[in-house]
Amino acid sequence: MDTIINYVDNMFASLPKSTEMRQLRDELLANMEEKYHELKLAGKTDNEAIGIVISEFGNIDEIIEEFGISQEDVVTQPLLTEQEVDEYLQVSKKSGQRIGIGAVLCIFGSAMFVLLLGLFENGYMNGLSMETGMYIGVILLLLCVATAVGLFIYSGMKLDKYKFISLKGNFDLPIDLKSKIKTMKDAYQPTFTTIMIVGVVLIILSPAVLLTMITFNEHLANFGVFIMLAIVSVAVYLFVYFGNMYAAYDKLLKDNSQQTKEKDEDRVIGAVASIIWPLAVIFFLISGFVYGQWYINWIVFPITGLLFAMFSGAYSILVRKAE
Amino acid sequence: MISSDVIRGYNDTIILYLLLEKESYGYEISKRIKELSNGKYVIKETTLYSAFNRLLKKGYIESFHNEQTFGKKRTYYRITESGLLYYHEKCREWELTKEVINQFIREDYL
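Residues numbered from 1 in each chain as written. Chains lettered and ligands numbered in written order. Predicted model: local features only at pLDDT ≥ 70, side-chain atom pairs only at ≥ 80, totals over all residues. Heavy atoms only, no water.

A tally of regular secondary structure across chain B gives five helices and three strands. The secondary structure elements of chain B, listed N-terminal to C-terminal, are α-α-β-α-α-β-β-α. Looking at the 110 residues of chain B, the share that counts as buried comes to 40%. Sequence separation of at least 24 residues holds for 50% of the intrachain contacts in chain B that already meet a minimum separation of 6. As displayed, chain B has an accessible area near 7,000 Å², and 55% of this comes from carbon and sulfur atoms. (Helix = DSSP H or I, 4+ residues; strand = E, 2+ residues; numbered from the N terminus. Buried < 20%, exposed > 50% of the residue type's maximum accessible area, 1.4 Å probe, protein only. Contact = heavy atoms within 4.5 Å. Areas by Shrake-Rupley, 256 points an atom, 1.4 Å probe, with all protein chains shown as cover.)

Written out as structure tokens, the structure is:
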């Protein structure tokens, strides 16, 4: 019976999603189901019954003509194949890893910077001046940021091929594939929730490491900051990687109306991200070089991270409410 | 087995005839067509529902919902007054068609 349902759904996939078409589909399906059961009762095998029922379905063009569906209304959205879905999920996974590593590199670069300063301040680098340490730190930070930008651009290019899924939503899914993805997403849900909780807990607890180290020895402040930023970067990676995976399932399952909303949402959050993070780095460098605030200005990264998380969360909720 | 192209103009007549017997729904009608034609004509689902839509729009039939024994909601159809008139007209049209076409059919070729 599933074969018949799939067949009818594929036939109706290109037609407008109106109530009229929905009712017609249900009506046709009810007829075909009844026919199928009678054929089975008459002693036909499953395959024979399905074959007869499908061969007597007819031509969907008749419906298009008779119900006055104009050519513009006929949505010729490509049906995704299982292979395409697998590829899209693979690419999303890879790009989630790359973007995650990029974000980690940005934070890690600043963490290295703070660590180097700490090493110099405490005289572990004998023979080298503080200034040299600063230069090495900046070079390291810039290298990290450059690699990160490279990774961002590369994953952007890789994902470009799937713009019709991730941005435009110009696709339809065969019903069996849709339910398969839904099962996958449901199976993924608990992992996703756990990971998000772990990430939030990590971020909230990360200052505790710093405070503990300062309590023991004030000179350890820089190492505390290093560890704290390292923990934050782990949390950020988890958010980016698992969040990206979850979004990929979401995008495959979204119906069209939600897709348009989601598209704008992505754009706004992306735009804000590309402004807020470079701003944070600029703030970090200026406050350090001009005002010499290296001991405290790293705090800009966790704060930016939290503000950004709050913003994207609040924005998504507001957009959904506005529907 | 008759081809759907040949019979196209007469689907309306066939459906109206069956609705004249009693009000009915999609599958029952297509089953009756198969039975009465001794399996020589099987109407396609899409053809049947295109015809329903056409007849509904012209006001020759009307639809209503009916609970079936198994609790499934089906759309039922019944013939209207103007549908009856149209059916009469189609019957006369067929008489004429038959008469005309028969003039061009050689008995010895049958």
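Here the focus is the packing of helix 2 (residues 11-21) of chain B against helix 5 (residues 81-102) of chain B. Two measures define how a pair of helices packs: the angle their axes make with one another and the distance between the axes. Residues and elements named next belong to chain B. Packing of helix 2 against helix 5 leaves a shortest axis separation of 10 Å and a crossing angle of 125°. Classified by the angle between their axes, helix 2 and helix 5 sit oblique to one another. Crossing hand, helix 2 versus helix 5: left-handed. Contacts between helix 2 and helix 5 involve Asp12, Thr13, Leu16, Tyr17 and Leu20 on the former and, on the latter, Gly83, Leu84, Tyr86, Tyr87 and Lys90. Within the contact of helix 2 with helix 5, the residues separate by chemical class into six nonpolar, two polar and two charged. (Axes fitted to C-alpha atoms, helices over the stretch in contact; angles between N-to-C directions. Parallel < 35°, antiparallel > 145°, perpendicular 65-115°, else oblique. Left-handed = near helix turned anticlockwise from the far one by under 90°. Nonpolar A, V, L, I, M, F, W, Y, C, P; charged D, E, K, R; others polar.)

This next bit is on unusual backbone geometry. Generally, phi is negative for residues other than glycine and the peptide bonds are trans, each holding for most cases. All names here are of chain B. Backbone geometry places Asn38, a non-glycine residue, at a positive phi of 55°. Along the polypeptide, Asn38 turns up in the loop between helix 3 (26-36) and helix 4 (45-58). Overall, Asn38 belongs to the exposed group, its relative accessible area being 63%.

Attention shifts here to the confidence of the model for chain A. Residues and elements named next belong to chain A. Of all residues in chain A, 83% have pLDDT values of 70 or greater, and the mean over the chain is 79. Per-element averaging of pLDDT across chain A places helix 10 (residues 256-289) at the bottom with 64 and helix 3 (residues 46-55) at the top with 92. In this model residues 255-260 is a low-confidence stretch, pLDDT under 50, and it forms nine contacts with partners more than four residues away in sequence or in other chains. (pLDDT = per-residue confidence, 0-100.)

A few words now on the interface of chain B and chain A. Listed per partner, the contact involves 19 residues of chain B and 21 residues of chain A. When chain B packs against chain A, close to 1,900 Å² is buried across both sides, 44% of that on carbon and sulfur atoms. Among the residues of chain B in contact with chain A, B:Tyr27, B:Glu45 and B:Thr46 are the three that bury the most area, contributing 34% of the side total. Linking chain B to chain A there are five salt bridges. In this structure, the connection of chain B to chain A is made through 21 residue pairs in polar contact (both at pLDDT 80 or more). (Buried area = accessible area lost by both parts, 1.4 Å probe. Salt bridge = Lys/Arg side-chain N within 4 Å of Asp/Glu carboxyl O. Polar contact = N/O pair within 3.5 Å; in protein donor to acceptor, adjacent residues only side chain to side chain.)

Moving on to a positive patch on the surface. Judged by side-chain charge, A:Lys93, A:Lys94, A:Lys158 and A:Lys161 come together as a positively charged surface patch. By secondary structure assignment, the location of A:Lys161 is in the loop between helix 6 (130-160) and helix 7 (163-168). (Patch = residues over 30% accessible without salt bridge, like charges linked within 9 Å, V, L, I, M, F, W, Y side chains within 5 Å. Lys, Arg positive; Asp, Glu negative; His and termini not counted. Charge placed at Lys NZ, Arg CZ, Asp CG, Glu CD.)

Residues and elements named next belong to chain A. Along the chain, Arg98 falls in helix 5 (residues 82-121). Despite being buried, Arg98 has no salt bridge partner; Asp160 is the closest side chain of opposite charge, sitting 13 Å away. For Arg98, the residues in contact, after removing those within four places along its chain, are Leu151, Tyr154, Ser155 and Lys158.

On the surface, B:Leu96, B:Val100, B:Ile101, B:Phe104, B:Ile105 and B:Leu110 cluster together into a nonpolar patch covering about 650 Å² of accessible area. Its location among the elements puts B:Leu96 in helix 5.

This part takes up the packing of helix 2 (residues 19-41) of chain A against helix 3 of chain A. Residue and element names in this part refer to chain A. Closest axis-to-axis distance for the helix 2/helix 3 pair is 9 Å, and the angle between their directions is 145°. Every pair of crossing elements has a handedness; the one defined by helix 2 and helix 3 is right-handed. In this structure, helix 2 uses Met32, Lys35, Tyr36, Leu39 and Lys40 to contact helix 3, whose residues at the interface are Asp46, Ala49, Ile50, Ile52 and Val53. The class makeup of the residues in the contact of helix 2 with helix 3 is seven nonpolar, no polar and three charged.

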